[in-house]
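Coordinate inspection notes
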Amino acid sequence: MGDGACPVRQYMQETDSELLKEYRSGSVDALERLVEKHRRMLYGYIVNMTGSQTDADDIFQEVWIRVIRKIASYHHRNFGGWLVRIAHNIVIDGARKRKPDVSIDREDGEGRSVAMTLVADDFEPSHLVEAGELGTRIACAVRELPEEQREVFLMRVQADLPFKEIARIQKASINTVLARMQYALGKLRPLLRDDYDALARR
Amino acid sequence: MNDDELQKMILLEQSGELSETRMHDLKEALSLNPDASAYRDALVLVADKARDSLDTDGPSPEVITAIKEAGEARVAQRRTLFFPRVAIHAFAYAAVLAIMIGGWFLFANDGRSERILEIRGLMAAVNVEELSQEDPVSGQEDDRELRALARQLLIMEGLYFDDDTSAEFSDESLTIDAAPSPTVLRGRNTDARRARRYV
């Protein structure tokens, strides 16, 4: 993707506004660069939310189809936040369609929400870029988080969204979002304790 | 400051959303609270490791191709709509301009010239009445009133007058001793008027 003559990371230096303006002027290459710029962040968020690469492919494509349709009227400041918001809505809609009569947050006897059981099993940790044992454990630990806490964690850590934007997407107060992040970290830290201690000693 | 509040401040500090004032409070608290420092360090480590670990390859090349094709289709669609749109806008602007110019021509003439013509006719009629010998006294009174009225009307139309004020009408006189100089309308050719003789 992109022009082979250009430096690989050139698109990362271009701002979203510049790329959007270029695309609006008719440059499809600018759209490609925009997709690549946000690919890892957006796809990582989707696949870790759904746990399914097949679903993640469909949702990733759907996000960009919607962006292309609405790009003429886009005027938000945070393009990455907009992408995640669209992905969030599609993920939620998909979950509701699968279980329309059940709240996705309803928990079973073991404290796991229905949303967690909707996650498909075709997620292979070996697809992780860093497929070491630690990486696998972190990925599995994140998948084990309740949906809302997992989402806050992924939006913050992977999509690098500010808490204010996350609160807007989740339609919650910033205090609630911060509390969810605290709980998520609280659950992850024990799982990584040994590694944390080792890292802290370096 | 309790632990919960401190942890939230640390989270906001990491996301760049903590104000400068609060940043100062946080630094002070971190220097005094070793547990808070440990929490901050753990947060940074977990975030860094998680970011690397959660990174995945994907999506498939077919998805990227589909997105590119959708982008191309949209660009082509906008190009197709662009030229008719430009033509429609140009036509609309031209129509509005034509209406504005036509309206100006139609309504700019508010009948002023017709009114001035009629008032001039009235003044001319007054002069004719001065010539009447049947009832000169009452005719003079009416003449003066009519002339004053006509003059006022012309002033209202924005015209200036250069009357010769040396001409006087005497109420007791049955005859007109001196003919008043003709009314001069600025900007008009008054040579023909000056050539007239009043009796």
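None of the values given here were measured: they were computed from a predicted structure. (Residues numbered from 1 in each chain as written. Chains lettered and ligands numbered in written order. Predicted model: local features only at pLDDT ≥ 70, side-chain atom pairs only at ≥ 80, totals over all residues. Heavy atoms only, no water.)

**Focus: the packing of helix H1 (residues 3–15) of chain B against helix H2 (residues 20–32) of chain B**
All names here are of chain B. Put simply, the rule reads: For helices, the fitted line uses only the C-alpha atoms of the stretch in contact; every axis is such a line through C-alpha atoms, and the angle between N-to-C directions lies from 0 to 180 degrees. In this text, helices come from DSSP runs of H or I with a minimum length of four residues, and strands from runs of E with a minimum of two, each type numbered from the N-terminal end. Under this scheme an angle from 65 to 115 degrees is roughly perpendicular, one under 35 degrees roughly parallel, and one over 145 degrees roughly antiparallel; angles in between are oblique. Crossings are classed by handedness, with left-handed meaning an anticlockwise turn of the near helix from the far one by less than a right angle and right-handed meaning a clockwise turn. Two residues qualify as a contact provided that any one of their heavy atoms is within 4.5 Å of a heavy atom in the partner residue.
Orientation of H1 relative to H2, taken along the N-to-C sense of each, is 120°, at an axis distance of 10 Å. Put simply, H1 runs oblique to H2. Taken as a pair, H1 and H2 cross one another with a handedness that is left-handed. Counted together, Glu5, Leu6, Met9, Ile10 and Glu13 of H1 and Arg22, Met23, Asp25, Leu26, Ala29 and Leu30 of H2 form the full contact between these two elements.

**A closer look at the nonpolar core**
What counts is decided by this rule: Here, nonpolar core means buried Ala, Val, Leu, Ile, Met, Phe, Trp, Tyr and Cys residues that are tied together by side-chain atoms lying within 4.5 Å of each other. When accessible area is computed with a 1.4 Å probe and restricted to protein chains, residues below 20% of their type maximum are described as buried, those above 50% as exposed, and intermediate ones as partly exposed.
Of all hydrophobic cores here, the largest spans 75 residues; its most connected members are Phe60(A), Val63(A), Trp64(A) and Phe153(A). Looking at which element gives the most residues to this core, the answer is helix H3 (residues 28–50) of chain A, with 12 residues. Contact partners of Trp64(A), with chain neighbours within four places excluded, come to Leu31(A), Leu34(A), Val35(A), His38(A), Leu42(A), Phe79(A), Leu83(A) and Ile67(B). Among the nonpolar cores identified, the runner-up in size contains 6 residues, and Ile116(B), Ile119(B), Leu154(B) and Leu159(B) belong to it.

**What to know about the confidence of the model for chain A**
To keep it simple, the criterion reads: A residue's pLDDT is the predictor's confidence in that residue, given on a scale from 0 to 100.
Per-residue confidence for chain A averages 79 on the pLDDT scale, and 71% of its residues sit at or above 70. Note that pLDDT drops below 50 for residues 108–131 of chain A; the model gives that stretch 65 contacts with residues more than four away or on any other chain.

**Some thoughts on the interface of chain B and chain A**
Heads up, the condition is: Throughout, buried area stands for the accessible area (probe radius 1.4 Å) lost by two parts on being put together, summed over both. Whenever a carboxyl oxygen of Asp or Glu lies within 4 Å of a side-chain nitrogen of Lys or Arg, that contact is scored as a salt bridge. The term polar contact refers here to a pair of N or O atoms within 3.5 Å; inside protein, the definition further demands a hydrogen-donor-capable atom paired with an acceptor-capable atom, and it admits residues adjacent in sequence only when both atoms are side-chain atoms.
The partner chain A presents 53 residues to the 40 residues of chain B that form the contact. Roughly 4100 Å² of surface becomes buried between chain B and chain A when both sides are summed, with 67% attributable to carbon and sulfur atoms. When residues of chain B are sorted by the area they lose upon contact with chain A, Leu54(B), Thr56(B) and Ile67(B) head the list and together hold 16% of the total. Its salt-bridge partner being Lys68(B), residue Glu32(A) comes within 3.7 Å of it at the nearest N-O pair. On the surface where chain B and chain A come into contact, there are 11 residue pairs in polar contact (both at pLDDT 80 or more). Counting residues per element, the ones that place at least two in the side of chain B that touches chain A are H1, helix H3 (34–54) and helix H4 (61–108) of chain B.

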